[in-house]
Amino acid sequence: MKKNLANEQRHAGASAIPGRIRLWDLPVRIFHWTLTVVVTIAIISAELDDDLMEIHGKAGITIIGLVVFRLIWGIIGSTHARFANFVPGLSDIRSYMKGRWKNVGHNPIGALSVLALLLLLAAQAGTGLFANDDIDFTGPLANLVETTLSDQLTGIHHLLANFLLGLIALHIIAIGFYFFVKKDNLIKPMITGWKEVKPEMLPQATTPSGFRGSPAAFVIACLIALAVAGVVSGAARHTETVAAKVSACTFSVAQRSA
Ligand code: HEM
Ligand code: HEM
């Protein structure tokens with residue numbers, strides 16, 4: 001019986017140290033800190049100087065890749081990374097509000113803010129693809145739409161940036177609140193992956209269905225993210241243009257030699 005529980009806990013990411021579990025896997029941690037750096041670059045480059053718009057666009061497209069990666073990892077990643085394990089129902093929210101929620105991972109309100117952050121980032125970067133700065137920088141897909149629509153999407157891009165900044169501020173304040181007031185350090189698990197949990201939470205933390213996430217799933221998520229980032233950055237269109245030029249060239253050479 002004891003041996004079974006130990007196996008179960010190991011399988012779900014429990015540590016040899018009692019009460020310690022593997023909460024955030026490496027992909028989630030790399031995703032989070034890369035996202036933090038790239039979002040900071042996107043915001044600073046947009047605000048600072050028109051000359052930095054190329055960097056802004058590249059940061060934005062990287063963010064699209066990161067968000068796509070996280071959405072897929074939320075389906076095929078490890079236990080605590082999966083949306084199915086943290087997207088809350090009404091009953092979770094109610095029991096959290098009454099102080100009765102006992103589990104590990106994103107708490108119900110935290111989970112809602114994580115979803116809002118991911119959605120807002122996708123919308124922000126998505127509108128950026130069609131935006132223009134009235135000078136010489138346009139998003140890579142801006143020429144697919146009328147100028148008026150591009151202008152409207154630019155307006156939405158500006159508007160959403162305020163909501164995004166507000167949500168990021170709230171996110172950092174909430175983490176600080178947990179740290180200073182609730183004496184719960186959420187940052188450490190986001191760096192090391194490990195979290196100390198109270199014994200009464202351990203059964204939920206180490207369910208038999210616990211899963212670490214496989215390298216194959218990681219590669220699939222990375223490839224899809226790269227493909228989407230490549231397509232929206234216009235790389236696919238460049239490839240088509242190059243292919244069209246090569247075939248036109250081949251055709252004219254063939255005609256000349258005929
Ligand atoms: C641009 C700034 C940031 C953005 C866009 C951002 C976004 C996110 C997202 C999307 C998650 C969910 C992680 C996942 O499940 O994949 C998350 C979680 C988290 N973030 Fe951030 N973050 C930012 C800055 C920070 C900073 C500066 C800190 C540290 C002070 C931080 C600490 C955390 C922690 C501790 C969690 C886990 C919360 C929990 O245990 O429920 N974040 N963040
Ligand atoms: C989540 C990612 C992104 C964030 C946080 C972000 C943020 C911002 C912000 C704050 C501004 C306003 C700067 C100002 O005050 O003038 C801006 C402008 C702009 N962004 Fe983004 N952006 C993101 C993604 C993108 C992407 C992917 C593109 C296109 C490749 C893009 C293209 C533009 C353009 C063309 C403008 C200029 C609009 C103007 O000058 O009126 N953005 N962005």
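This text goes with the structure placed above it.
Every value quoted in this text rests on a predicted model; they were computed, and no experiment measured them. (Residues numbered from 1 in each chain as written. Chains lettered and ligands numbered in written order. Predicted model: local features only at pLDDT ≥ 70, side-chain atom pairs only at ≥ 80, totals over all residues.)

Time to look at the overall build of the protein. Broken down by element type, the protein carries ten helices and two strands. Going residue by residue from the N terminus, the α and β elements of the protein occur as α-β-α-α-α-α-α-α-β-α-α-α. Here the protein holds 258 residues, and 27% of them are scored as buried. Taking the intrachain contacts of the protein between residues at least 6 apart in sequence as the baseline, contacts between residues at least 24 apart amount to 69%. (Helix = DSSP H or I, 4+ residues; strand = E, 2+ residues; numbered from the N terminus. Buried ≥ 20, exposed ≤ 12 C-beta atoms within 10 Å, placed from the backbone. Contact = placed C-beta atoms within 7 Å.)

This part takes up the site of ligand 1. Near ligand 1 lie 20 residues; those nearest to it are Val39, His106, Gly110, Val114 and Leu186. Mapped by element, the contributors of at least two residues to the shell around ligand 1 are α2 (26-48), α5 (108-128), α6 (147-180) and α7 (187-192). Partitioning the shell around ligand 1 into residue classes produces 13 nonpolar, six polar and one charged. (Near = placed C-beta within 6 Å. Nonpolar A, V, L, I, M, F, W, Y, C, P; charged D, E, K, R; others polar.)

The subject of this paragraph is the nonpolar core. In this structure, Ile63, Ile64, Val67 and Phe69 are the most contacted members of the largest nonpolar core, which totals 31 residues. Among the secondary structure elements, those contributing two or more residues to this core are α2, α3 (53-76), α5 and α9 (215-232). If one sorts the elements of this core by residue count, α3 sits on top with nine residues. Dropping the residues within four chain positions of it, Ile63 is found in contact with Leu35, Val38, Val39, Ala42, Leu121 and Ala125. (Core = buried A, V, L, I, M, F, W, Y, C linked by C-beta atoms within 7 Å.)

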